[in-house]
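The lines below spell out each chain.
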2 protein chains.
Amino acid sequence: MSSQINAEILSIGTELLMGEITDTNSRFLAGELKLLGITAVRMTTAGDDKVQLTRVFREAMFRSNIIVASGGLGPTEDDLTRDCLAEALDESLSLDPALEQGIREFFANYRRGRMPEHNIRQAMLIPSAKPVINYKGTAPGWWVEKNGRVVILLPGPPREMEPMWRNEIKPRLEVQFPGNIALTRTLKVFGMTEATVDEAVEPMFHLGNPELGIYAKPEGVHLRLIARGEKAPRLIADAEERIRAILKEHVWGNGDETLPGLAVKLLEANNLTASVFDCGTGGVITTMLSEITDSGKIFRGSITGESIPEGWNTLEQLSQQDTISPARAETLAVFVREKFGTGIGLGITGITGISGGSGTPGTAFIALADAHGNVTWRQTIIPRRDIAPNQLAVSAFFRLRQYLLGIQTDF
Amino acid sequence: MSSQINAEILSIGTELLMGEITDTNSRFLAGELKLLGITAVRMTTAGDDKVQLTRVFREAMFRSNIIVASGGLGPTEDDLTRDCLAEALDESLSLDPALEQGIREFFANYRRGRMPEHNIRQAMLIPSAKPVINYKGTAPGWWVEKNGRVVILLPGPPREMEPMWRNEIKPRLEVQFPGNIALTRTLKVFGMTEATVDEAVEPMFHLGNPELGIYAKPEGVHLRLIARGEKAPRLIADAEERIRAILKEHVWGNGDETLPGLAVKLLEANNLTASVFDCGTGGVITTMLSEITDSGKIFRGSITGESIPEGWNTLEQLSQQDTISPARAETLAVFVREKFGTGIGLGITGITGISGGSGTPGTAFIALADAHGNVTWRQTIIPRRDIAPNQLAVSAFFRLRQYLLGIQTDF
């Protein structure tokens, strides 16, 4: 019950065939299936068309034994997924009183009103389908088992589909197809290119189990380990240890950790506040911070600008150093720390395609001022407007993290 | 030669079936086909697997007469698209000397080196295929015509695929399938919900030609008109006039125009500079601006913060009004205008889930200070962290646009 399992993913909706929305469900489901040790052999997108969609279900069930479909479970006449699967399985739809009750209650509780009559379509079921509860909407999912095949119907909106997958579908598949479930671990790396990481961890690609993947992301390079079998926890732990021994202080986090998140957490733990003078990321560093809950208590404020305003007298010395330099970064850090009255001030200066001043494109400086004095780091960045601001902001958070943890880095 | 045309879109690559990347090519191609008046009836994603992919080509060619595939044209042994199409068409691959020459020259000119020998795979062709030039990479596309079917192979990376589509494929399809080409126009709306716009323009949905679509986007509601046939330009113009008469000053732009872009352009035309004190969008307004080329000359800087730093004496009065109010927004606007020495100062204050202060969640104020005095607008926003910052930033640019154009709005 392992190598013979083929899965297919279906995305249903005419708006997908019109190019009006991007299908993100298929990628999500493909990644999730892979973690369960189930390979998707094909993904198909079909419109809300009775003949076509019925044919798509028939073909998929002929080829594969797990079909995961999303979309077309809405209440309108265009939503044909239930009807087409019924047709493909030669079964008839009938009203399920318990489902009807559930949908009426959903409207009473969350929509403060009576159920529109067309929503009754969502309470229809076929004999081989078991309904799957939807906590985020009115469309129940379907779990169908017939002739050795499992067909799963999920709602199209990701905010309904993903929780249903995680809470209801994934656990059932884990029971039904055990043994192949994977354990994963993501390690996050700063200050190395994808190619350099690839070369450094090269021997680990031949392990097979765990499987190693390298991905270049806006926040740096991610390494993903996927291990299977009884020994998975041990295999992952060993591989992680080897990777950390190779990449050393380049590894800064794992899983869902982010650099701005870690920086804010460390500031909080050290009872410190911070502010930033940003002549380099064009505000990216500020928006990254504001996306963290309650970060405003720690990060008190920022000034973003292309050049220093005249008349800010403390900064007049800067007119003599309107170039990308360590001294400029330090002046900015000291100024903003004083102005916002924070424990730490960060000063950032670099030509990123956004900020002005003169200097070498691709060279930036990050300065940190606190009660003990100043530190400055030189940061090499790719001088492209679409990359540099993000890269420089991430670098600043990395430097701040290392500083707060007392880690020396020579890169 | 119109209603009988069925198209299918294929995306090829095992990384897609693994959930490692999102397929954006299919959406792009579906939208482009729709504008040519060609309906995609199905989209399929297949891996780099000889048997499966050959089957996918055979099935698609059996059902449809236009097949557009992307991916799998690289130089490695995993890139099987050429081989599988050859197999599905019962033809043999052979080396095309002109293609080989082109690839060798590409390496000599752009990669400063000799062509790696495995790149020779990209110079293979079948008798019914004509090569399509790739200005952005080494993989030529294929244009295949056989048995009344057109099969198009495109490279997978969007930065190679999209220019090849626009410059080489689209013009050929326009010649081959004329008469159905569509003209489109997008109108952009501020200050109305999708449902309100839907209701207001309801009669226009029945026109058929032009076809009308409504889309909720982060910058507001978009209306897209698609007209076909000889009279398309006139039909679009008439429909646009009707929509503008209904929605009046809610319509602020069209096509690729953006509110920050228009605001910067208008400031430049009026020889004005600007700065912003942002206690509401958490830096979003600043990053939107910095994404506009050379906006730094016009938008001189911004201050972002949760609360006003103590000791900034001009702002001391604010400690008495640390609440969301028109007065607070005005003080911020006046302060930042003076500090940065700009013609216009914007002050933004609102509880968006990011900024602090006390006040009514969902109510924000935008103030503008210039040489003539101050203006303030009340702005209702959805008080959700994932929506409000963007909505408030867009609102500020809309207000600035209206002010600079001298347009009065009562919403």
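These numbers come from a predicted model, not from an experiment.

Participant: It is not clear to me how the overall build of chain A should be interpreted in this structure. Could you clarify?
Facilitator: Assigned secondary structure in chain A consists of 12 helices and 17 strands. Structurally, chain A occupies a C-alpha span of about 80 × 55 × 40 Å along its principal axes. Going through the 411 residues of chain A one by one, you find that 44% of them count as buried. Pairs at least 24 apart in sequence give 66% of the contacts found in chain A among residues at least 6 apart.

Participant: Please clarify how the pairing of strand 13 (residues 274-279) of chain B should be interpreted in this entry.
Facilitator: Across a regular strand the side chains alternate sides, sitting on one face of the sheet and then on the other. Residues and elements named next belong to chain B. Where burial is concerned, most of strand 13 is hidden: six out of the six residues are buried. Taking every second residue as pointing to the same face, both faces of strand 13 are buried, with Ala274, Val276 and Asp278 on one and Ser275, Phe277 and Cys279 on the other. The pairing of strand 13 with strand 14 (residues 299-305) spans five bridges and is parallel. By the bridge assignment for strand 14, Asp278 is matched with Thr304. Read from strand 13 through helix 10 (residues 284-290) to strand 14, the crossover connection turns out right-handed.

Participant: How do you make sense of helix 2 (residues 25-35) of chain A when you look at a structure like this?
Facilitator: Given 3.6 residues per helical turn, the α-helix brings residues three or four places apart onto the same face. Burial of helix 2 of chain A is extensive: eight of the 11 residues sit out of reach of the surface. Here helix 2 of chain A has its buried residues at Asn25, Ser26, Arg27, Leu29, Ala30, Glu32, Leu33 and Lys34 of chain A. Buried positions along helix 2 of chain A lie against strand 1 (6-12), strand 2 (39-46), strand 3 (66-70) and helix 6 (158-176) of chain A together with helix 1 (14-17) and strand 2 (39-46) of chain B. Of the residues trailing helix 2 of chain A, Gly37 of chain A is marked for its positive phi of about 80 degrees.

Participant: Sorry if this is basic, but what is going on with the relation of the copies chain A and chain B here?
Facilitator: Look at the two chain copies: a rotation about an axis and a shift along it is all it takes to match them. Here chain A sits on chain B after a turn of 180 degrees about the axis and a move of 0.3 Å along it, with an RMSD of 0.3 Å. Considering both components of the superposition, the chain copies are consistent with a two-fold axis.

Participant: Looking at this structure, how should I read the domain arrangement of chain A?
Facilitator: By a widespread convention, an interface's size corresponds to the accessible area lost as its parts come together. Partitioning chain A into domains gives domain 1 (6-176), domain 2 (182-254) and domain 3 (259-405). The straight-line distance from the C-alpha centre of domain 1 of chain A to that of domain 3 of chain A is 48 Å.

Participant: So what exactly am I meant to see when it comes to the interface of chain A and chain B here?
Facilitator: Counting residues at the interface gives 44 residues for chain A, matched by 44 residues for chain B. Secondary-structure elements contributing two or more residues to the side of chain A that touches chain B are helix 2, strand 2, helix 10 (284-290), strand 14 (299-305) and helix 11 (326-340) of chain A. Element by element, the count of residues in the side of chain A that touches chain B is highest for strand 2 of chain A, at seven residues. Split into classes, the residues belonging to the side of chain A that touches chain B amount to 14 nonpolar, 22 polar and eight charged. Pairing between strand 14 of chain A and strand 14 of chain B: five bridges, direction antiparallel. Bridged to Ile303 of chain A within strand 14 of chain B is Ile303 of chain B.

Participant: Please explain the packing of helix 9 (residues 259-269) of chain B against helix 12 (residues 388-405) of chain B as it appears in this structure.
Facilitator: Residue and element names in this part refer to chain B. Relative orientation of the contacting elements helix 9 and helix 12 amounts to 35 degrees, with a least axis distance of 9 Å. Crossing handedness for the pair helix 9 and helix 12: left-handed. Contact residues: Leu259, Pro260, Leu262, Ala263, Leu266 and Leu267 in helix 9; Val394, Phe397, Phe398, Leu400, Arg401, Leu404 and Leu405 in helix 12. Split by residue class, the contact of helix 9 with helix 12 holds 12 nonpolar, no polar and one charged.

Participant: Can you help me understand unusual backbone geometry in this one?
Facilitator: Negative phi is the rule for most residues except glycine; trans is the rule for most peptide bonds. Between Asn209 of chain A and the following residue, Pro210 of chain A, the backbone shows a cis peptide bond with an omega angle of 5 degrees. A positive phi angle, close to 50 degrees, is found at Asn147 of chain A, a residue other than glycine.

Participant: Which parts of the structure should I look at to understand the pairing of strand 3 (residues 66-70) of chain B?
Facilitator: All names here are of chain B. Across the five residues of strand 3, five count as buried, placing the element largely inside the fold. Along strand 3, one buried face is formed by Ile66, Val68 and Ser70 and the opposite face, lined by Ile67 and Ala69, is buried too. When strand 1 (residues 6-12) meets strand 3, the two strands line up parallel, connected through five bridges. Opposite Ala7, over in strand 3, you have Ile66 as the bridge partner. Summarising the sheet, strand 3 and strand 8 (residues 149-154) pair through five bridges and their orientation is parallel. Along strand 8, the bridge assignment pairs Ser70 with Leu154.

Participant: Please clarify how the sheet that holds strand 1 of chain A should be interpreted in this entry.
Facilitator: Picture the strands of a sheet paired through backbone hydrogen bonds; they go either parallel or antiparallel. With mixed pairing, 12 strands are arranged side by side in an open sheet as 6(A)-7(A)-8(A)-3(A)-1(A)-2(A)-2(B)-1(B)-3(B)-8(B)-7(B)-6(B). A strand with exactly one partner marks an edge of an open sheet, and here the two such strands are strand 6 (129-132) of chain A together with strand 6 (129-132) of chain B. Each strand axis lies, on average, 15 degrees off the axis of its neighbour in the sheet, ignoring direction. Inspection of the sheet shows strand 6 of chain A paired to strand 7 (residues 141-146) of chain A by four bridges, in the antiparallel sense. Directly across from Lys130 of chain A, in strand 7 of chain A, lies its bridge partner Trp143 of chain A.

Participant: Sorry, what's going on with the sheet that holds strand 12 (residues 251-254) of chain A here?
Facilitator: Residues and elements named next belong to chain A. As summarised here, the arrangement of the four strands in space is 10-11-9-12, forming an open sheet in which the pairing is antiparallel. Pairing within the sheet leaves two strands with one partner each, and these edge strands are strand 10 (211-217) and strand 12. Strand-to-strand, the axes of this sheet are offset by a mean angle of 25 degrees, without reference to chain direction. Alignment of strand 9 (residues 182-189) against strand 12, held across three bridges, turns out to be antiparallel. Bridge assignment links Val189 to a residue of strand 12, and that residue is Val251.

Participant: What's the story with the confidence of the model for chain A in this structure? I'm lost.
Facilitator: Caution applies to low-pLDDT parts of the model: their predicted coordinates are not meant to be read in detail. Averaged over every residue, the pLDDT of chain A is 89; the share at 70 or more is 92%. Here the predicted complex scores 0.82 on pTM and 0.80 on ipTM.

Participant: Quick question: what am I supposed to make of the nonpolar core here?
Facilitator: Generally speaking, nonpolar side chains in soluble globular proteins are found buried as a group. In this structure, Leu346 and Ile348 of chain A together with Leu346 and Ile348 of chain B are the most contacted members of the largest nonpolar core, which totals 110 residues. For Ile348 of chain B, the contacting residues outside a window of four places in its chain are Val276, Phe277, Asp278, Cys279, Gly280, Thr281, Ile285, Ala329, Ala364, Ile366, Leu392 and Ala396 of chain B. Judged by nonpolar contacts, the second largest core, of 47 residues, contains Ile38, Ala129, Ile152 and Phe177 of chain B.

Participant: Which parts of the structure should I look at to understand helix 12 of chain B?
Facilitator: All names here are of chain B. For helix 12, which comprises 18 residues, the first-to-last C-alpha distance of 26 Å matches the rise-based estimate of 26 Å (1.5 Å per residue) to within 8%. Burial runs high along helix 12: 13 of the 18 residues are buried. Just downstream of helix 12, Gly406 is the residue with a positive phi angle, here 70 degrees.

Participant: Just checking my understanding: could you explain the environment of Cys84 of chain B for this structure?
Facilitator: Residues and elements named next belong to chain B. Take Cys84: it is sitting in helix 4 (residues 81-88). When the 24 C-beta atoms within 10 Å are taken as the criterion, Cys84 is described as buried. Measuring from C-alpha to C-alpha, the distance between Cys84 and Arg58 comes to 9.4 Å, with 26 residues separating the pair along the chain. Setting aside its immediate chain neighbours within four residues, Cys84 contacts Lys50, Leu53, Thr54 and Phe57.

Conventions adopted
- Residues numbered from 1 in each chain as written.
- Chains lettered and ligands numbered in written order.
- Predicted model: local features only at pLDDT ≥ 70, side-chain atom pairs only at ≥ 80, totals over all residues.
- Helix = DSSP H or I, 4+ residues; strand = E, 2+ residues; numbered from the N terminus.
- Buried ≥ 20, exposed ≤ 12 C-beta atoms within 10 Å, placed from the backbone.
- Contact = placed C-beta atoms within 7 Å.
- Pairing = 2+ DSSP bridges.
- Right-handed = clockwise from strand over helix to strand, strands pointing away.
- Least-squares fit on C-alpha atoms with pLDDT ≥ 70 in both.
- Domains from an automatic or database assignment.
- Nonpolar A, V, L, I, M, F, W, Y, C, P; charged D, E, K, R; others polar.
- Axes fitted to C-alpha atoms, helices over the stretch in contact; angles between N-to-C directions.
- Left-handed = near helix turned anticlockwise from the far one by under 90°.
- pLDDT = per-residue confidence, 0-100.
- Core = buried A, V, L, I, M, F, W, Y, C linked by C-beta atoms within 7 Å.
- Expected span 1.5 Å × (residues − 1).

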